[in-house]
Amino acid sequence: DRLEPATARLVEKRLATLGPTTMLFYRQPLEIVRGEGVWLFDSQGRRYLDAYNNVQVLGHCHPAVVEAVSRQLGQLNIHTRYLDDAIHHYAEQLLASLPVADGRLVLTCTGSEANDLALRLARQWTGRQGVIVSAAAYHGNTERVTEVSPSSYKTGQPPPWVETISLEPLNDPHTDARQWLQQETQRALCALARRGYDCAALLIDSIFSSDGIYADPPGFLQPAVELVRAAGGVLIADEVQPGFGRTGEALWGFVRHDLQPEIVTFGKPMGNGFPVAGLVAQQPMLARLAQQQGYFNTFGGSSAAIAAAQAVWDTLEKEQLQRNAARTGAYFKQQLQQRQQRWPVISQVRGSGLFIGVDLSRADTQTEPDPQLTGRLINALREQGVLIGAAGRHGATLKIRPPLCFNQQHADLFLSHFDTVMSELLAG
Ligand code: PMP
């Protein structure tokens, strides 16, 4: 596709200035200049319905966060080596919402740092090295965390201390999810053992956002966790994607599966776009780390970060956004499922709350993933003013994950554009 001259100039400048790992969305890249609630606005003043950005969990530029951060930046923004009751207040609320026995909070700036530290804690605590993750997981960008993020590998295989478990058989409705995950975990433990590694941790994003979104049935992870524990490992729940109410039924994704992790990591939505992330781990694990190594994060838990996090926490409750995620998400998912009859290329619709995955398959086989159709659909929706992305190993699962203030009218607007675009793409 030919780019508009103004877009072409920006793309050229970008290639000349930014490293080649930075990636652009859409065949016609967007220059977004403003956001408000579920809406993004480009430099031409065109409005887009944002069904993709989960960081802005309250909606773009939510006034509660803007106000809290602006006020804090004008007063003080400093690191965590002074007493500050605001951070204790935040930590008390967060800890009370989690089933981590004798938990304590460590603040970081990114989910990657939180997962990196979580791996360090799990390995030190268990004295083991092996880690089990899902086959297309993404857990962040440090060197260690990239090794447990198979979706980042362009070439090569995981290192020998990493073993993956596949979720894809869950696409078949006849698969018993609990049994499959149990079997896979057993196989993964044996594979690690054969290579000389005991298992330190099962590291899981319980909505499986980059594997293609696997939510049901709740509880399907339990036997896998039991096996890992019996082998001496711990559970690290990566809540960067499912956390803060997105999955609707609970504040935390792992609660849907009735799990009690030893370590929970947080990120993205925690500050509605302001960099704040962290982990909660059992106190003895953190005490062991503190005996052996220091951990200090200059910007992690800064005064402004805590102001953002507290504003997010209060607003989630005040605006009942978890409940909205459950209600709007159920409606949205049901509407998408209804479309499977009209368009058999929609082979499955999965999800929980406002995290929905829609599998697209080739029209001839109706089972083989169709990344081309998925890409064309995403780009056509962008032309209609609707933003979404793709997930899954084949890139053939639409990833629908809007801010949690997304309501039924927004879902209807999405669906009407979706219908138009599907009709056009599948015509003839
Ligand atoms: N875990 C999961 C499940 C994620 O999706 C991401 C980011 N996409 C991360 C961790 C890493 O977070 P960050 O980009 O803040 O380092």
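Everything quoted here is computed from the prediction, not taken from an experiment. (Residues numbered from 1 in each chain as written. Predicted model: local features only at pLDDT ≥ 70, side-chain atom pairs only at ≥ 80, totals over all residues.)

### Focus on the overall build of the protein
Then comes step 1: If you tally the helices and strands in the protein, you get 13 helices and 15 strands.
Then comes step 2: By the compact-globule yardstick of 22 Å for 428 residues, the protein fits well, its C-alpha radius of gyration being 22 Å.
Then comes step 3: Per-residue burial over the protein gives 49% buried out of 428 residues.
Then comes step 4: A separation of at least 24 residues holds for 74% of the contacts in the protein among residues at least 6 apart in sequence. (Helix = DSSP H or I, 4+ residues; strand = E, 2+ residues; numbered from the N terminus. Rg over C-alpha atoms; globule rule 2.2 N^0.38 Å. Buried ≥ 20, exposed ≤ 12 C-beta atoms within 10 Å, placed from the backbone. Contact = placed C-beta atoms within 7 Å.)

### With respect to the pairing of strand β12 (residues 355-360)
Then comes step 1: Most of β12 is tucked away, with six of its six residues classed as buried.
Then comes step 2: Where strand β11 (residues 346-352) lies against β12, six bridges are found, and the strand directions are antiparallel. Counted as the bridge partner of Arg350 is Gly357 from β12.
Then comes step 3: Connecting β11 to the antiparallel partner β12 that follows it, the hairpin turn spans two residues, and Gly353 within it adopts a positive phi of roughly 60 degrees.
Then comes step 4: As defined by bridge partners, β12 adjoins strand β15 (residues 397-400) across four bridges and the pair is classed as antiparallel. Residue pairing in the sheet places Ile356 in a bridge with Ile400 of β15. (Pairing = 2+ DSSP bridges.)

### Some points on the nonpolar core
Then comes step 1: Residues Ala122, Leu279 and Ala308 are the most contacted members of the largest nonpolar core, which totals 126 residues.
Then comes step 2: Residues from two domains meet in this core; each of domain 1 (49-58 + 320-426) and domain 2 (63-318) gives at least three.
Then comes step 3: Beyond its immediate stretch of four places on either side in the chain, Ala308 contacts Val65, Ala68, Val69, Gly271, Asn272, Phe274 and Val276. (Core = buried A, V, L, I, M, F, W, Y, C linked by C-beta atoms within 7 Å. Domains from an automatic or database assignment.)

### With respect to helix α13 (residues 408-426)
For an α-helix, 3.6 residues make a turn, and residues three or four places apart therefore share a direction.
Then comes step 1: Here α13 spans 26 Å end to end across 19 residues, near enough to the 27 Å set by a 1.5 Å rise per residue.
Then comes step 2: Elements that come into contact with the buried residues of α13 comprise β3 (47-50), α11 (321-342), α12 (371-384) and β13 (386-387). (Expected span 1.5 Å × (residues − 1).)

### Some remarks on the site of the ligand
Then comes step 1: Around the ligand, the surrounding shell holds 16 residues, and the nearest of these are Thr110, Gly111, Ser112, Gly140 and Val240.
Then comes step 2: With three residues, helix α4 (residues 111-126) is the single largest residue contributor to the shell around the ligand.
Then comes step 3: Classifying every residue of the shell around the ligand by side-chain character gives three nonpolar, 10 polar and three charged. (Near = placed C-beta within 6 Å. Nonpolar A, V, L, I, M, F, W, Y, C, P; charged D, E, K, R; others polar.)

### Brief notes about the sheet that holds strand β10 (residues 277-282)
Then comes step 1: The strand order β4-β10-β9-β8-β7-β5-β6 describes an open sheet built from seven strands, whose pairing is mixed. For this open sheet the edge positions go to β4 (103-108) and β6 (162-165), each flanked by a neighbour on one side alone. Averaged over neighbouring strand pairs, the angle between their axes works out to 20 degrees when direction is ignored.
Then comes step 2: Across the sheet, helix α3 (residues 85-96) touches β4 and β10, and the angle it forms with β4 is around 125 degrees. (Axes fitted to C-alpha atoms, helices over the stretch in contact; angles between N-to-C directions.)

### Some remarks on unusual backbone geometry
Then comes step 1: Looking along the chain, the bond that leaves Asp216 and enters Pro217 is cis, with omega of -5 degrees.
Then comes step 2: Take Pro217: it is sitting in the loop between β7 (199-204) and α7 (222-230).
Then comes step 3: The phi dihedral of Asn272 is positive, around 55 degrees, even though this residue is not glycine.
Then comes step 4: The residue Asn272 is located in the loop between β9 (263-266) and β10 in this model.
Then comes step 5: C-beta crowding within 10 Å serves as the criterion here: with 28 such atoms nearby, Asn272 is assigned to the buried category.

### Some remarks on the domain arrangement of the protein
Then comes step 1: By the assigned domains, the protein splits into domain 1 (49-58 + 320-426) and domain 2 (63-318).
Then comes step 2: When each unit is reduced to the centre of its C-alpha atoms, the spacing between domain 1 and domain 2 is 26 Å.
Then comes step 3: Each partner contributes to the interface: domain 1 provides 26 residues, whereas domain 2 provides 30 residues.
Then comes step 4: Elements with a contribution of two residues or more to the side of domain 1 that touches domain 2: α11, β11, β12 and β15.
Then comes step 5: In terms of residue count, the dominant contributor to the side of domain 1 that touches domain 2 is α11 (five residues).
Then comes step 6: Among the residues forming the side of domain 1 that touches domain 2, the class breakdown is 11 nonpolar, 11 polar and four charged.

### Examining the sheet that holds β3
Then comes step 1: Here four strands make up an open sheet; going across it, the order is β1-β2-β3-β13 and the pairing mixed. The open sheet has two free edges, formed respectively by β1 (32-36) and β13, since each of these has just one partner strand.
Then comes step 2: When β3 meets β13, the two strands line up parallel, connected through two bridges. Bridged to Asp50 within β13 is Leu387.

### Here's the deal with the packing of α4 against helix α9 (residues 283-292)
Then comes step 1: At their nearest, the axes of α4 and α9 sit 9 Å apart, and the two run at 90 degrees to each other. As judged from the angle between their axes, α4 and α9 are roughly perpendicular. Of the residues in α9, those in contact with Arg120, Leu121, Gln124 and Trp125 of α4 are Met285, Arg288, Leu289 and Gln292.
Then comes step 2: Classifying every residue of the contact of α4 with α9 gives four nonpolar, two polar and two charged. (Parallel < 35°, antiparallel > 145°, perpendicular 65-115°, else oblique.)

### Focus on the pairing of β7
Then comes step 1: Burial of β7 is extensive: six of the six residues sit out of reach of the surface.
Then comes step 2: Direction of pairing for strand β5 (residues 130-134) relative to β7: parallel, over a ladder of three bridges. Counted as the bridge partner of Gly130 is Cys199 from β7.
Then comes step 3: Pairing geometry for β7 and strand β8 (residues 234-238), over four bridges, is parallel. Residue pairing in the sheet places Leu202 in a bridge with Leu235 of β8.
Then comes step 4: This β-α-β element, β7 to α7 to β8, shows right-handed connectivity. (Right-handed = clockwise from strand over helix to strand, strands pointing away.)

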